[in-house]
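A closer look at the structure
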Amino acid sequence: MIKFFQRYFALSESGAKDLRTAIFSHTLLNLSIMLPVMLAFIFLEEYLNILEKNISTDDNSLWFYLIFSIFSFIIMYAIAYIDYAKLYTKIYTESSKRRIKLAETLRELPMSFFSKKDTADLSAVIMEDTEQIEGLFSHAVPQIFAAIISMTLISFAMFLYDWRMSLAMFWVVPISFLVFYLSKKRMENGHYEVYNQKRIVTETIQEGIEMIQEIKGYNQESTYMQSLDKELDNFENKLIKGELMGGALLNSSYVVLKLGLPSIIFVGAFLFIENKITLFSYLVFLIIIGRIYDPFIETMNNFAALLYLKVRINRIKEMDSMSRQTGLKEFSPDNFDIKFKNVDFSYQENQKTLKNINFTAKQGEITALIGTSGSGKSTIAKLATRFWDIDKGQILLGNQDIKEISPEILLKYFSIVFQDVVLFNTSIMENIRLGRKNATDDEVKEAARLAQCTEFINKLPKGYETVIGENGEKLSGGERQRISIARALLKDAPIILLDEATANLDARNERKIQQAISELIKNKTVLIIAHRMRTIINADRIISLEAGRIVENDTPQVLRTQNGIFASMINKQQTFNKISIN
Ligand SMILES: Nc1ncnc2c1ncn2[C@@H]1O[C@H](COP(=O)(O)OP(=O)(O)OP(=O)(O)O)[C@@H](O)[C@H]1O
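Predicted model, so just to flag it, every value in this text is computed and none were measured. (Residues numbered from 1 in each chain as written. Predicted model: local features only at pLDDT ≥ 70, side-chain atom pairs only at ≥ 80, totals over all residues. Heavy atoms only, no water.)

1. Quick look at the sheet that holds strand 7 (residues 495-499)
Reading across from one edge, 6-7-8-3-9-10 is the order of the six strands in this open sheet, with mixed pairing throughout. In the strand order of this sheet, the two ends are held by strand 6 (414-417) and strand 10 (549-554), each with one partner. Strand-to-strand, the axes of this sheet are offset by a mean angle of 15°, without reference to chain direction. Here five bridges tie strand 9 (residues 541-546) to strand 10, and the two strands are oriented antiparallel to one another. (Pairing = 2+ DSSP bridges. Helix = DSSP H or I, 4+ residues; strand = E, 2+ residues; numbered from the N terminus. Axes fitted to C-alpha atoms, helices over the stretch in contact; angles between N-to-C directions.)

Structural data, given as structure tokens:
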């Protein structure tokens, strides 16, 4: 049973065990609720006896009712308390475990997963789906199982008491469930549609917020609002349709259940007239028929909610089943050479981005990747850092295949300055400290000084403590890039990866930063991606790429003499310089 719960509801082992306990305690609660009903029966039987035989009641029976009532109350209260404590505290613990597990999973998923998923969708899985599952586990799942168990036990007892009347009462139940079951598929489809449309609406809203600048800049407000309106209308329609259909189908099941009342009235009357049952038995069934179907109705309602749960659990399972990037948790390479051996890679199936890539970026050397836009330079950098895993070949770091190193450990050896700088909405100090968590304030300031940040930081209202807005929106492109260089300087890792690192800088700052970078890269493995000659003229090795293939791989001195991409870039640069001077 534990394994079934784990598999079906995507629970941890302890979560599955807690669910089993919750079902048990909820079953007990359901059964304990029958205590007052039993008391009513005992009273009814005695009262009818008194009426039939015309005898007077004794005082002891009053005491009996009083004590039984108090006893029932205490038992019900105690079980309800235990049930509540068991159910809710355990469910919230399981939910927090689920969220942590999902976040852990996200850490180990390759970038290929994120490029296929929307961020709004991912956060919906972690926060909204988990919350909904939490709600259903506290309000539906244990109740369903408990209702089925307790109702089976109660029905069994009633059949033993009088099978004919029980049959008259319970024949409607399987038919009602059958109607419900047959309509399940349609309800499920309705839920899927509503759910998917809700995701589309959330994504459209998020996109609108993220792209507000572009939308305004290109006067696209009304187009955007029209598309949002369309998606919202769609959502509303699907929601109404889903509710109506679900309501109609559930109501048909309820109507079938209601047929139990006339059935018990006719069969009971017939059996009573035939003297086959007592008046007491007839009354007992007439009393309990008013409530006996409640747990069935509740179960069907909960089942309907469970359909939602299935959709959400499937999404969590999908995330769980993605192949993760794992590997050695401890690793110290013999050297920091990076070697690409016969590497093939594609972002999309059947569309190779890199083909048969072979080169070595040696420790203590600067290796520059050049080539036209889209030729695959940044992709090479992303593969060296295991942001993506390759399709064929090997990438070695100091003779160790990086596929066997956990990305977290691998990235400890890299200082990276990306083309698209990502900054957090916190202080400048903390943004730079991201390079090395335990760096002192003085160390952070020294890195900022080397990256030519001091001048603009000092002009900010709170200096290093200035909070820079979402993704550093309060800073210019060049300032953001310098912060990311300061971060890399602070990290001081043995491998440096610079992707268009100085693209947003003016000539004065660029010169200064080049000095800082030359300090940073001494005796390190340096992989530079750059278009500008000035950035790569000091490189020890040039790798030229064209449409995902290496077309040149040599020293700049040799490549200058050849008629290839490097030589043509130098010529263009020289012509450009002449025009600028003239
Ligand atoms: N996440 C991605 N998903 C799908 N295709 C991608 C992705 N990133 C890049 N590509 C494609 O891969 C190819 C190589 O891109 P890459 O960014 O490596 O080129 P690049 O040489 O660095 O270009 P640039 O100099 O313009 O930055 C391009 O055709 C690009 O469209």
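2. Regarding the sheet that holds strand 2 (residues 354-361)
The strand order across the open sheet formed by four strands is 2-1-4-5, and the pairing between neighbours is antiparallel. The strands lining the two open edges of the sheet, one partner per strand, are strand 2 and strand 5 (400-401). Sheet topology places strand 1 (residues 338-345) next to strand 4 (residues 392-397); five bridges connect them, and they run antiparallel. Counted as the bridge partner of Asp344 is Lys392 from strand 4. Running at roughly 115° to strand 1, helix 15 (residues 377-384) makes contact with strand 1, strand 2 and strand 4 of the sheet. (Contact = heavy atoms within 4.5 Å.)

3. Here we look at the site of the ligand
Around the ligand sit 15 residues, and of these Ser373, Gly374, Lys377, Ser378 and Thr379 come closest. A distance of 3.0 Å is found between an oxygen atom of the ligand and a backbone nitrogen or oxygen belonging to Gly376. In the complex, 65% of the free accessible area of the ligand, which totals 630 Å², lies under the protein chains. Class assignment for the residues of the shell around the ligand results in two nonpolar, eleven polar and two charged. (Near = heavy atom within 4 Å. Polar contact = N/O pair within 3.5 Å; in protein donor to acceptor, adjacent residues only side chain to side chain. Areas by Shrake-Rupley, 256 points an atom, 1.4 Å probe, with all protein chains shown as cover. Nonpolar A, V, L, I, M, F, W, Y, C, P; charged D, E, K, R; others polar.)

4. Some words on a nonpolar patch on the surface
Together, Trp63, Leu66, Ile67, Ile70, Phe73, Ile74, Tyr77, Tyr81 and Ile82 line one region of the surface with nonpolar side chains, adding up to about 1,100 Å² of accessible area. Structurally, the position occupied by Ile67 is in helix 4 (residues 59-108). By relative accessible area, which is 53% here, Ile67 ends up exposed. (Patch = residues over 30% accessible without salt bridge, like charges linked within 9 Å, V, L, I, M, F, W, Y side chains within 5 Å. Salt bridge = Lys/Arg side-chain N within 4 Å of Asp/Glu carboxyl O. Buried < 20%, exposed > 50% of the residue type's maximum accessible area, 1.4 Å probe, protein only.)

5. A short note on the UniProt feature "transmembrane region" (unreviewed entry) in the chain
UniProt records the feature "transmembrane region" (unreviewed entry) for residues 21-43, 63-82, 144-161, 167-183, 248-273 and 279-309 in the present numbering. For the annotated span residues 144-161, helix accounts for 100% and strand for 0% of the residues, and the straight-line distance between the end C-alpha atoms is 25 Å. What you have in residues 248-273 is 96% helix and 0% strand, and the ends, taken at the C-alpha atoms, are 39 Å apart. (UniProt positions renumbered as here; feature names shortened; annotations may be inferred.)

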